[in-house]
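Structural description and commentary
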Amino acid sequence: MQTLFSLQGKNAVVTGGSRGLGKEMALGLASAGANVAIISRTECPEVVTELEALGVKAISVAFDIGDIANHAQLVTIINEKLGHIDILVNNAGVQKRHPSVEFPQDDWEFVMNVNANAVFSLCQKFGKPMLEKGKGKIINLASLLSFQGGLTVPAYAASKGAVMQFTKSLANEWASKGVNVNCIAPGYMATEMNDALMKDEVRSRQIMDRIPAGRWGSGQDMQGTVIFLASDASNYIHGFTIAVDGGWLGR
Ligand SMILES: NC(=O)c1ccc[n+]([C@@H]2O[C@H](COP(=O)([O-])OP(=O)(O)OC[C@H]3O[C@@H](n4cnc5c(N)ncnc54)[C@H](O)[C@@H]3O)[C@@H](O)[C@H]2O)c1
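Residues numbered from 1 in each chain as written. Predicted model: local features only at pLDDT ≥ 70, side-chain atom pairs only at ≥ 80, totals over all residues. Heavy atoms only, no water.

1. Some thoughts on the pattern of salt bridges
Counted under the stated rule, the structure contains seven salt bridges. In this structure, the salt-bridge partner of arginine 205 is aspartate 209, at a minimum N-O distance of 3.3 Å. Pair noted here: arginine 205 and aspartate 209 are both in helix α8 (residues 201–210), with a separation of four residues, about one helical turn. Residue arginine 215 pairs with aspartate 221 through a salt bridge whose shortest N-O separation is 2.9 Å. (Salt bridge = Lys/Arg side-chain N within 4 Å of Asp/Glu carboxyl O. Helix = DSSP H or I, 4+ residues; strand = E, 2+ residues; numbered from the N terminus.)

2. Observations regarding the site of the ligand
Taken together, 28 residues form the shell around the ligand, and within it Arg19, Asn91, Tyr156, Thr191 and Asn194 come nearest. At a separation of 2.8 Å, an oxygen atom of the ligand approaches a polar side-chain atom of serine 18. A distance of 3.1 Å separates an oxygen atom of the ligand from a polar atom in the side chain of arginine 41. Relative to its unbound accessible area of 820 Å², the ligand is 96% covered by the protein chains. Elements that contribute at least two residues to the shell around the ligand include exactly α2 (20–31) and α6 (154–174). (Near = heavy atom within 4 Å. Polar contact = N/O pair within 3.5 Å; in protein donor to acceptor, adjacent residues only side chain to side chain. Areas by Shrake-Rupley, 256 points an atom, 1.4 Å probe, with all protein chains shown as cover.)

3. Considerations on the packing of helix α5 (residues 105–133) against α6
At their nearest, the axes of α5 and α6 sit 8 Å apart, and the two run at 15° to each other. Taken together, the axis directions place α5 and α6 in an arrangement best described as roughly parallel. Note that α5 runs across α6; the crossing there is right-handed. For the pair formed by α5 and α6, the contact residues are Trp108, Val111, Met112, Asn115, Ala116, Val119, Phe120, Cys123, Gln124, Gly127 and Leu131 on the first element and Pro154, Ala155, Tyr156, Ala158, Ser159, Lys160, Ala162, Val163, Phe166, Leu170 and Trp174 on the second. Here the residues of the contact of α5 with α6 sort into 17 nonpolar, four polar and one charged. (Axes fitted to C-alpha atoms, helices over the stretch in contact; angles between N-to-C directions. Parallel < 35°, antiparallel > 145°, perpendicular 65-115°, else oblique. Left-handed = near helix turned anticlockwise from the far one by under 90°. Contact = heavy atoms within 4.5 Å. Nonpolar A, V, L, I, M, F, W, Y, C, P; charged D, E, K, R; others polar.)

4. Looking at the pairing of strand β1 (residues 11–15)
The buried fraction of β1 amounts to five of the five residues, a majority that puts the element mostly inside the structure. The side-chain alternation of β1 yields two buried faces, one formed by Asn11, Val13 and Thr15 and the other by Ala12 and Val14. In this sheet, strand β2 (residues 35–40) lies alongside β1 in parallel orientation, the contact comprising five bridges. Following the sheet pairing, valine 14 is matched in β2 by isoleucine 38. Handedness of the crossover joining β1 and β2 through α2: right-handed. Judged from the three bridges that link them, β1 and strand β4 (residues 87–90) form a sheet pairing that is parallel. Looking across to β4, one finds that valine 14 is bridged to valine 89. (Buried < 20%, exposed > 50% of the residue type's maximum accessible area, 1.4 Å probe, protein only. Pairing = 2+ DSSP bridges. Right-handed = clockwise from strand over helix to strand, strands pointing away.)

Any functional reading would require information that these geometric values do not contain.
Printed below as a string of structure tokens:
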């Protein structure tokens, strides 16, 4: 059973791993034995230290994933520093909130570029060597808003809908070649991304009251699912989105 979930000797990349869900998922992968490269806009040596304390190799690469033109170079740098990548967790994401009627076009494009365009490109760039090797695991971060429209977040909903859909498209082409592409859809998680929501007492109470589990989620709640999707335990799961949402979508 331990072998089924082991990531010993595997190399993983986690985008946006400097904080929030990405950091906790990186720690989860490392606890299962994976070496980890964190990609974030600025270097995060303190996270590297935490990862190394788990007995794995860890590196931090400062890179803005919105810079799609340089994704191929990013892959080269990471391959040189860590080796062939077995696991990609496309976690980095951004949020912008405005009433839809006045949602600025540049905010729309910013959100779509980081959350959807960059994620698709990273799937391609890291996916190609996985396809050549005949094995790999790609885990994209979807959202409840891959299923629902949300309030004042149309670009985020559009981007996360796109991620869930193209994850299926990639799985259809890559499943027979040994590469698993799946999503995790977190529910309402207590991270900096949700600062504004958590500070809004009315909305925060409304959200909590609707979560069957009766609490907001945490980064630790993501660890079991990301280890599962990164390990051999999920080898026959393709193109699927697992909600880690305290039961929200079932309600
Ligand atoms: N928190 C939630 O409730 C929730 C719910 C559903 C989905 N998600 C998704 O989970 C993922 C992580 O969310 P979080 O709550 O931890 O967010 P967060 O804002 O706390 O962290 C996001 C991370 O992504 C990084 N990042 C953002 N833009 C980047 C860029 N252009 N280049 C490199 N790094 C970049 C940030 O620096 C940060 O490390 C996101 O994709 C988010 O959309 C979160």
